[in-house]
Amino acid sequence: MKSLMKRYNPAEIEGKWQTQWDQADIFKAKRSTDKPKYYVLEMFPYPSGRIHIGHVRNYTMGDVITRYKIATGHNVLHPMGFDAFGMPAENAAMESGGHPKEWTYQNISDMVAQLKPLGFGLDWSRMFATCDPEYYGQQQALFLDMLEAGLVYRKNAVVNWDPVDMTVLANEQVIDGKGWRSGAEVERRELTQWFFKISDMAEDLRTALDTLENWPKKVRAMQENWIGKSRGLDFSFSIKNSQIPYKEINVYTTRPDTLLGASFVAISPDHPISKFLERNDANLAKFNAECRKLNTSEEALEKAEKRGFKTALNVQHPYHENWKLPVYVANFVLMDYGTGAIFGCPAHDQRDLDFARKYELPIISTFIPAKVEEPWMYPEDGGKAFVPPKSEQVKYIKALAGTDFQTGIEAVEAAIAHCEEHNIGKGVTRYRLRDWGLSRQRYWGCPIPVIYCKQCGVVPERKSNLPILLPDDVSFDSPGNPLDRHPSWRKTTCPICGNPAVRETDTMDTFVDSSWYFARFTAPRAKTPTNLEDVNYWMNVDQYIGGIEHAILHLLYSRFFARAMHITSHLPESCAEPFDALFTQGMVTHSIYQTKDAKGRSVYHLPEEVDLDKRIVKATGEVFEIIPSAKMSKSKKNVVDPTDIISKYGADTARWFILSDSPPERDVEWTAAGAEAAHKHLTRVWALSDQIARLEKHNSEQDDQALLEIMHKTIFDVTQGLESFGFNAAIAKLYAFTNALSKSKASKLIQRQAILILAQLMAPMTPHLSEEIWSMQGAEGLVIQTNWPQADEDFLVSNIITMPIQVNGKRRAEIQVERDLSVAQIEQNALSVEIIKKALNGTKPKKVIVVPGRIINVVI
RNA sequence: GGCGGUGUGGCGGAAUUGGUAGACGCGAACGACUCAAAAUCGUUUUCCAAUCGGAGUGCGGGUUCGAGUCCCGCCACCGCUACCA
């Protein structure tokens, strides 16, 4: 009887069940019409070489959904691959002298080896890396089709040059004027580059955001801001009486309704006119030089003084022949937004107002509040600039067009119409979104399949020659692109005339690789980019899961690619928005353990190096400080290695804990205590199963009904939790159910039923333990092959229910009533409760509210 | 400045979407077992009062029989973005 020698041993059971799932081909996805399909995808990892805990969280969520969807009768596709091109492989090659290819493939096999013990239900047969020639060759084919369809073009452009990575960056990859990866100050260079015509789709990409109901609001808002639509007027001020070779200054404004409040024109120091003038004006040259030095990326921008340099130029206001406006060169006008020139309307822009007061320029209000309640101080008289929301109705006192009372939006449209009618300017819609420059001067990327021929010009490579393979014999001993200096790789012949020609040596931005991999997973070995039968069946991705850091770049590019792939017949139109639902998970954080050295510098300690109870560093005995909840980083040493966690507690514990503590969209703090508690709980569940398996048959049945009720309630609650990403709440219900079961005195039959249901409900989170319990109880088959349990309505509401009684909305008592008791009866019962009688003190209640099955409220 | 989000015990967080606030877990305290410790099990744990009670979901108001949840006005913090014309 005393056989508690055995206990929960994940190391023993987890591998065993993984083998069983493999052998039964559970996760191998095949097209089939007898079940609804479900495609669940997590953003694929970069093969850095190590799985980190954030990956574990991401893939665990995907796996929970996968297993739940399988159990609820879906045909599930859940693939895994690697986003394998990119700079780190080249950097590693430069540092260690190896080859990016070897480094990458070694890392991939290391990471697969770390992923497998976690027991994720993945279809490994579909795995690919974007650096596989089979993948990037199809990407080249896709590129050629896009080129033919006019979605790719080549232009000479000023580009963002990262001087450290020695490559071009897309606008999206420049953050605060610095390279997104290197952090180096970005320079501007003029180069001939390949571009995707994403700006052509700006309007569609923007309006379609409204259809993405199952995307986080936040991501949609970020994309909308990025696309940056604005409506305004393009017009020009003509330059009066001047010798310079410029006759006018072009301006773009979103507030043409304030045109009659204009008091100056300001141009950027980099504006052609400014550049022209500085040649003959030493003072202006000096001013401009100072402005250029002031880095636009600095946070001091806010506080930076608004300075202007008054030129000798005057322009004519387009509305009145005799109305002259001075022209300033101003440090706050940016050359790369709009036209690099603005008109200033001090009354309705605080910055313009500050500028006007500084240089003693006129201040002219064009509108005032519709209803002036308090004393209204005009900007003219020292008040603040009046800048109401455009949707607010105001009173126009100098309207260019339209009525006296109108909203800003109405006034802008009226002003545009008026200006168009009088040939003053033209209404335009502008987008902040620019075309996506995809050329990178790197080796470890997908070669752009284009050839330059002296006779024929720019010639696409023949599809039959694809893939254009990267050469293996390259060196990384000097900076620049190894493809450029390769002795023979670029030499080829022209597909049209057959004469000697050279290849494009630029490779594609790695964001191209990740912009269509989700479609490739549906037919990863197809001889074309996609296979229509497969994309028609599997697409769209039903649930996509990943980090918020990809809210703009990756997700916007993917939406563009899906459209482009439809145009080039690689995807059906229904796939224009490829991700039906998106979930953005939070980070995994960990406390930092910090001490100071003799010089007061911070020294960080790994979690395993400290004694948390005694609050000292084990090796030295120093007292450490705890900095709570920071993003895990190697330099701060607040990292936990998933591999260590698995060897200590097993995969199920890691999976259970990572889901249990916080809602999945929020950051979760990894704590040793929490992981330990999770492990203890799983140990308890195992022991409970063991105990039930050895129960005597003849025991009391007194708790049967109560246990069945909580069991069905738990089925209901857990199902709801899994349906709505409420993993933490679902787990809490499972804890409660386990507690109830371990205290229950129900019959063996019912207890066994309960533990089997518990195993099924836990299976998405702790699949190995669930299988183990299933077999301990002698149940047939595998849990993963069973149908998800159904909550029985009859048990969800018991016959005797407890109803709280409130007095004036405050809970005072409760009564037990039969479920189908009439409202009148409930009221009568409630009023006869001693506490309520006392509260009434013999008087009649004003009102009694009875919500059947919920609550009684007695109003006195 | 703009956009988005969040605010509930010592901590992470629940709350069927207007119906018993604090589920579940961590931490803490006490107890049982033990020579002892670990492990395990049990009890308590929002605050004030310690008896009846009273207060309570960032703050102020409102709607309602009833508000963490809805409305109006503030405050604080976080994220993204921006001299955006």
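Residues numbered from 1 in each chain as written. Chains lettered and ligands numbered in written order. Predicted model: local features only at pLDDT ≥ 70, side-chain atom pairs only at ≥ 80, totals over all residues. Heavy atoms only, no water.

Student: For the overall build of chain A, give the residues involved together with the corresponding values.
Tutor: When helices and strands are tallied, chain A shows 26 helices and 36 strands. Overall size of chain A, expressed as C-alpha extent along the three principal axes, is 110 × 90 × 70 Å. Among the 860 residues that make up chain A, the fraction classed as buried is 53%. Considering only contacts in chain A between residues 6 or more positions apart, those separated by 24 or more positions represent 71%. Accessible area for chain A stands at about 40,500 Å²; split by element, carbon and sulfur atoms hold 50% of it. Side-chain charges of chain A comprise 101 positive and 108 negative groups, with the mean position of each set lying 2 Å from the other. (Helix = DSSP H or I, 4+ residues; strand = E, 2+ residues; numbered from the N terminus. Buried < 20%, exposed > 50% of the residue type's maximum accessible area, 1.4 Å probe, protein only. Contact = heavy atoms within 4.5 Å. Areas by Shrake-Rupley, 256 points an atom, 1.4 Å probe, with all protein chains shown as cover. Lys, Arg positive; Asp, Glu negative; His and termini not counted. Charge placed at Lys NZ, Arg CZ, Asp CG, Glu CD.)

Student: Just give me the short version of the protein's contact with RNA strand B, but keep the residues and values in it.
Tutor: Contacts to RNA strand B come from 46 residues, most closely from Thr254, Lys306, Leu334, Tyr337 and Arg811. For RNA strand B, the fraction of atoms within 4 Å of the protein that belong to sugar or phosphate moieties is 59%. At a separation of 3.1 Å, a phosphate oxygen of RNA strand B approaches a polar side-chain atom of Lys217. Between Arg432 and RNA strand B, the recorded distance is 3.4 Å, taken from a side-chain N or O atom to a phosphate oxygen. (Near = heavy atom within 4 Å. Polar contact = N/O pair within 3.5 Å; in protein donor to acceptor, adjacent residues only side chain to side chain.)

Student: Describe the packing of aromatic side chains, naming the residues involved and giving the relevant values.
Tutor: For any pair of aromatic rings, geometry is given as the distance between the ring centres together with the angle between the planes. Within the structure shown, the criterion is met by 43 aromatic pairs. For the pair Tyr135 and Trp516, a centre-to-centre distance of 4.6 Å together with 15° between the ring planes defines the contact as stacked. Note that Tyr135 is positioned in helix α5 (residues 133-148) and Trp516 in the loop between α13 (510-513) and α14 (517-520), a separation of 381 residues in sequence. For Tyr135, a relative accessible area of 1% puts it in the buried group. (Phe/Tyr/Trp six-rings, centres within 6.5 Å; stacked < 30°, edge-to-face > 60°.)

Student: I'd like to hear about the sheet that holds strand β20 (residues 450-453), residue by residue, with values.
Tutor: Strand order in this open sheet of 4 strands is β21-β20-β23-β22, and the pairing throughout is antiparallel. If you trace the sheet from one side to the other, it starts and ends with β21 (457-460) and β22 (491-493), each paired once. When the angles between neighbouring strand axes are averaged without regard to direction, this sheet yields 45°. (Pairing = 2+ DSSP bridges. Axes fitted to C-alpha atoms, helices over the stretch in contact; angles between N-to-C directions.)

Student: Which residues make up the sheet that holds strand β1 (residues 37-42), and what are the values?
Tutor: Pairing in this open sheet of 4 strands is parallel, and the strands run β2-β1-β25-β26 from one edge to the other. Each edge of the sheet is formed by a strand with only one pairing partner; in this case those strands are β2 (75-77) and β26 (582-585). When strand polarity is set aside, the average angle formed by the axes of neighbouring strands in this sheet is 20°. Note that β1 and strand β25 (residues 543-547) share 3 bridges and pair parallel. Residue Glu42 lies in a different strand from β25, and its bridge partner there is Ile545. This element, helix α2 (residues 53-71), spans β1, β2, β25 and β26 of the sheet and lies at about 175° to β1.

Student: So, the state of the cysteines: which residues are in play, and what are the values?
Tutor: This model, assessed by the stated rule, comprises 0 disulfides. Among the cysteines around Cys494, which has no disulfide bond, Cys453 carries the closest sulfur, lying 3.6 Å off. This cysteine, Cys497, is not joined by any disulfide, and Cys453 carries the nearest cysteine sulfur, 3.6 Å off. (Disulfide = S-S within 2.5 Å.)

Student: Please give an account of the packing of α2 against helix α18 (residues 651-660) that cites residues and values.
Tutor: Where α2 contacts α18, the two axes come as close as 10 Å, and the packing angle between them is 90°. One element, α2, and the other, α18, form an angle in the roughly perpendicular class. Every residue of α18 that contacts α2 at Ile53, Arg57, Thr60, Met61, Asp63, Val64 and Arg67 is listed here: Arg655, Ile658 and Leu659. When the residues that make up the contact of α2 with α18 are grouped by side-chain class, the tally is 5 nonpolar, 1 polar and 4 charged. (Parallel < 35°, antiparallel > 145°, perpendicular 65-115°, else oblique. Nonpolar A, V, L, I, M, F, W, Y, C, P; charged D, E, K, R; others polar.)

Student: Please set out the nonpolar core residue by residue, giving values where relevant.
Tutor: One finds Phe143, Tyr517 and Phe561 to be the most contacted residues of the largest nonpolar core, which totals 94 residues. Ranked by residue count, the leading element in this core is helix α16 (residues 553-567), at 9 residues. The residues touching Phe143, leaving out its near neighbours within four places in the chain, are Val152, Trp194, Leu438, Ile448, Pro449, Val450 and Met508. Formed by 71 residues, the second largest nonpolar core is a distinct cluster that contains Ile645, Trp670, Phe737 and Ile757. (Core = buried A, V, L, I, M, F, W, Y, C linked by side-chain atoms within 4.5 Å.)

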